[in-house]
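Fold and geometry: a report
Take a look at the letters that make up each chain.
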Amino acid sequence: MADVMMKLGQFTFSVDTAAYQSLNRVTEYRWAQQDRIGQSPALQDVGPGSDTINLQGVIYPAHKGGLGQIDTMRSEAGKRKPLILVDGRGRVHGRWVIERVEEEQGVFAAAGAPRKQNFRMQLRKYDDGA
């Protein structure tokens, strides 16, 4: 399984199938401003903020994996449940939800089947308070 880049639930991102070309992660930290008379405002830590991952990639359905890969992404998102995220090195990143799946098709074959599919997926860290 050396070609596995990441697993999200039952969906596998891999070099040979749905490979993401970029991964952008944003982790927020929340600080509330407290105004003070005659002084600069003070900041107070009010806890962790959102943690999001945006993936962008490309699928060549004729190469490997076939046309159903983005449908599988949407199926995982449609379960509307947190999914375990594990990277290709085996590090478990906890539970995440799929907030958005975008698809762009191009370079068409017979019957309008795309030879190239660009995708974007937005994930958000699920915190169940545990």
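The coordinates are above.
Given the structure is predicted, the values throughout are model-derived calculations rather than measurements.

**Focus: the environment of Asn24**
Among the structural elements, Asn24 can be located in strand S3 (residues 19-36). The contacts of Asn24, once residues within four sequence positions are left out, are Thr52, Ile53 and Asn54.

**A closer look at the pattern of salt bridges**
With the rule as written, the count across this model stands at seven salt bridges. Note that Asp51 and Arg25 form a salt bridge whose closest N and O atoms lie 2.5 Å from each other. Of the two residues, Asp51 sits in strand S4 (residues 39-59) while Arg25 sits in strand S3, which places them 26 residues apart along the sequence. Assessed through its relative accessible area of 11%, Asp51 is described here as buried. Arg25 sits in the partly exposed class, given a relative accessible area of 38%. Linking Arg120 and Glu102 is a salt bridge whose minimum nitrogen-to-oxygen distance equals 3.1 Å. Here Arg120, found in strand S7 (residues 114-125), pairs with Glu102, found in strand S6 (residues 92-108); they are 18 residues apart in sequence, far enough to count as distant. Judged by relative accessible area, Arg120 falls into the partly exposed class, the value being 28%. Connected through shared salt-bridge partners, Arg100, Glu102 and Arg120 make up one network.

Cut-offs used in this document
Residues numbered from 1 in each chain as written. Predicted model: local features only at pLDDT ≥ 70, side-chain atom pairs only at ≥ 80, totals over all residues. Heavy atoms only, no water. Helix = DSSP H or I, 4+ residues; strand = E, 2+ residues; numbered from the N terminus. Contact = heavy atoms within 4.5 Å. Salt bridge = Lys/Arg side-chain N within 4 Å of Asp/Glu carboxyl O. Buried < 20%, exposed > 50% of the residue type's maximum accessible area, 1.4 Å probe, protein only.

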